[in-house]
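Spelled out from the first residue to the last, the chains are:
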Amino acid sequence: MSDTVPVVVPDIGDFDQVDVVEVLVAVGDDVSVDQSLITLESDKASMEVPSPAAGRVVEIAVELGGQVGEGDLILTIEAADLPAEEREEAAGPSEEPSPTAVEAAAPAPSPAPRPSPSRRRRPPPAGGGPATSASPPHASPAVRRFARLLGADLRRVSGSGAKGRILREDVEGFVKEAMTGRGRPAGAGIPPVPEIDFSKFGPVESKPLSRIRKLSAANLHRSWLNVPHVTQHDEADITDLEAFRRAHLDEARERGVRLTLLAFLMKAVAASLAEFPDMNSSLAPDGESLILKGYFHLGVAVDTPDGLVVPVVRDVDRKSVYELAGELGEVSGRARERKLRPADIQGATFTISSLGGIGGTAFTPIVNAPEVGILGVSRAVRRPVYVGAGLAPRLMLPVSLSYDHRVIDGACAVRFTTHLCSALADIRRVVL
Ligand code: CAO
């Protein structure tokens, strides 16, 4: 059976009333023993009230900005059912109320409040500007933990709470600004783009970005900043491959499949990845080794009305071109209908971005880190090419391989594209 544990304001010294400056939990939250519940602040100090029990918050009796005095009810916890020995531990030392006393619904004196680190601190500089001095920032342990989780440097966050206290919302705002590149402090290495009032020069309108566009913007930016990119351009003679594809269009149609060049490309890319395992790897987070993957899952960039999405086709090396064409049609259809599941976009080892159906002669795709390579494909064109001594009309496909230069060197990259182009020139090589 669950016990109800009322948590009350502990001894607050000489003060009759203190301010509630933070309520760190909500009704329905699960809390653990010693987890901070609220922060109280007087003229002189601030303190957090820790939870005396593990369980679920069922009622909150205080309000943010309100005042409380010793013995006032803060909130009520429905204690988790714990084995007897764990309950004793949760209840703390023997002078603390025993579980029996709690069952009797006596208000549980909270464990001694923990002085917040801010107790010994001066508020940040007036004006709320980023605290850059040696003085530690004014924030509760919960906010500190949150900032640590997001990698935010609290010394750079301006506090909007009472007396410059940094609140959770301030950390969220700071991270958001950092993600969009706005408000980046000078000296961080990347100069901020100037904010310009474009309406001074003519009419403007604001078009909100879709969620997908915002997500891919953040991912692309992260990859761009982390990966030293180089792009290797090359050309494949796909005259014979295209003839082969056309010769099988009817058969593909009978199977209910649209046989485009991309399915062949995937097959050829998987064969080249098998030949160059570094291209199918990721750099270990400590930068000390490569994680070579023994599977060939290809991400395929799909253009949708909401922006770019990259569904993943798995085990490309083990599937036939018909199977790949079928799967590609199905997954890109679902991408456009926004019906992709999280598993559909995870686990890629390498990505293909094909703009060839639209046009273009070459481009520099951005590596989808932590993958180390991405193949951009532009429009194949028929043009005169020397074959032996004479010119012949050949269908030439431009490919652009961007790679992470920390992992792949230029020689490896050009060997990879050479291998790929020969596989595309004679697709029979793929089965060898
Ligand atoms: N050269 C010439 N023709 C090409 C070609 C190329 N490289 N690639 C495709 N084509 C042809 C196809 O064979 C098809 O011709 P038919 O209609 O005669 O069969 C036609 O162009 C249309 O192809 P498609 O683009 O619909 O199909 P696909 O299998 O080649 O590509 C998909 C599928 C999902 C990759 C594609 O629709 C797409 O969304 N591409 C955009 C990807 C993108 O935005 N990348 C950018 C990422 S970075 O911002």
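Here the structure is a predicted model, which is why all the values come from computation and not from measurement.

Caption draft 1: Looking closely at the pattern of salt bridges. Applying the stated criterion across every chain yields a total of 19 salt bridges. A salt bridge links Asp 30 to Arg 56; the shortest N-O distance between them is 2.7 Å. Here Arg 56 lies in strand E6 (residues 55–60) and Asp 30 lies in strand E3 (residues 30–31), a separation of 26 residues in the sequence. Arg 56 sits in the partly exposed class, given a relative accessible area of 41%. Its salt-bridge partner being Arg 168, residue Glu 172 comes within 3.8 Å of it at the nearest N-O pair. Here Glu 172 pairs with Arg 168, and both are found in helix H4 (residues 168–180), just four residues apart, close to one helical turn. For Glu 172, a relative accessible area of 39% corresponds to the partly exposed category. For Arg 168, a relative accessible area of 43% gives the class partly exposed. Residues joined by salt bridges that share partners form a network here, namely Glu 330, Arg 334, Arg 341 and Asp 344.

Caption draft 2: Region of interest: the site of the ligand. Surveying the vicinity of the ligand reveals 21 residues, the closest of which are Thr 260, Arg 336, Ser 353, Ser 378 and Ala 380. Within the side chain of Ser 353, one N or O atom sits 2.9 Å away from a nitrogen atom of the ligand. At 2.8 Å from a nitrogen atom of the ligand is found a main-chain nitrogen or oxygen belonging to Ala 380. The fraction of the free accessible surface of the ligand (960 Å²) that becomes covered by protein chains is 71%. Elements that contribute at least two residues to the shell around the ligand include exactly helix H8 (261–275), strand E15 (302–304), helix H9 (321–336) and strand E18 (350–354).

Caption draft 3: Region of the structure containing the confidence of the model for the protein. Confidence in the prediction for the protein averages 84 pLDDT; 84% of positions are at 70 or higher. Segment residues 85–134 is flagged for pLDDT under 50; beyond a separation of four residues in sequence, or across chains, it makes 82 contacts in the model.

Caption draft 4: Representation of the packing of aromatic side chains. The tally for this structure, following the rule as stated, stands at three aromatic pairs. Between the aromatic rings of Phe 244 and Phe 264, the centroid separation amounts to 6.1 Å while the plane-to-plane angle is 70 degrees, which identifies the pairing as edge-to-face. Placement of Phe 244 in helix H6 (residues 239–247) and of Phe 264 in helix H8 is noted, with a sequence separation of 20 residues between them. Overall, Phe 244 belongs to the partly exposed group, its relative accessible area being 38%. Plain terms: the ring middles of Phe 350 and Phe 416 are 5.8 Å apart, the flat faces sit at 40 degrees to each other, and that makes the pair tilted. Placement of the pair is Phe 350 in strand E18 and Phe 416 in helix H10 (residues 410–425), with a sequence separation of 66 residues. Taken together through their ring pairs, the aromatic side chains of Phe 276, Phe 350 and Phe 416 make up a single cluster. Between the NZ or CZ atom of Arg 168 and the centre of the ring of Phe 146, over which it lies, the distance is 3.9 Å.

Caption draft 5: Representation of the environment of Arg 406 in the model. Along the polypeptide, Arg 406 turns up in the loop between strand E21 (390–404) and H10. Each C-alpha atom, one on Arg 406 and one on Gly 287, is 9.2 Å from the other, the two residues being 119 residues apart in sequence. The contacts of Arg 406, once residues within four sequence positions are left out, are Asn 226, Val 227, Pro 228 and Leu 283. Within the structure, Arg 406 has its side chain in polar contact with the side chain of Asp 404 (distance 2.7 Å).

Conventions used here
- Residues numbered from 1 in each chain as written.
- Predicted model: local features only at pLDDT ≥ 70, side-chain atom pairs only at ≥ 80, totals over all residues.
- Heavy atoms only, no water.
- Salt bridge = Lys/Arg side-chain N within 4 Å of Asp/Glu carboxyl O.
- Helix = DSSP H or I, 4+ residues; strand = E, 2+ residues; numbered from the N terminus.
- Buried < 20%, exposed > 50% of the residue type's maximum accessible area, 1.4 Å probe, protein only.
- Near = heavy atom within 4 Å.
- Polar contact = N/O pair within 3.5 Å; in protein donor to acceptor, adjacent residues only side chain to side chain.
- Areas by Shrake-Rupley, 256 points an atom, 1.4 Å probe, with all protein chains shown as cover.
- pLDDT = per-residue confidence, 0-100.
- Contact = heavy atoms within 4.5 Å.
- Phe/Tyr/Trp six-rings, centres within 6.5 Å; stacked < 30°, edge-to-face > 60°.
- Lys NZ or Arg CZ within 6 Å of the ring centre and 35° of its normal.

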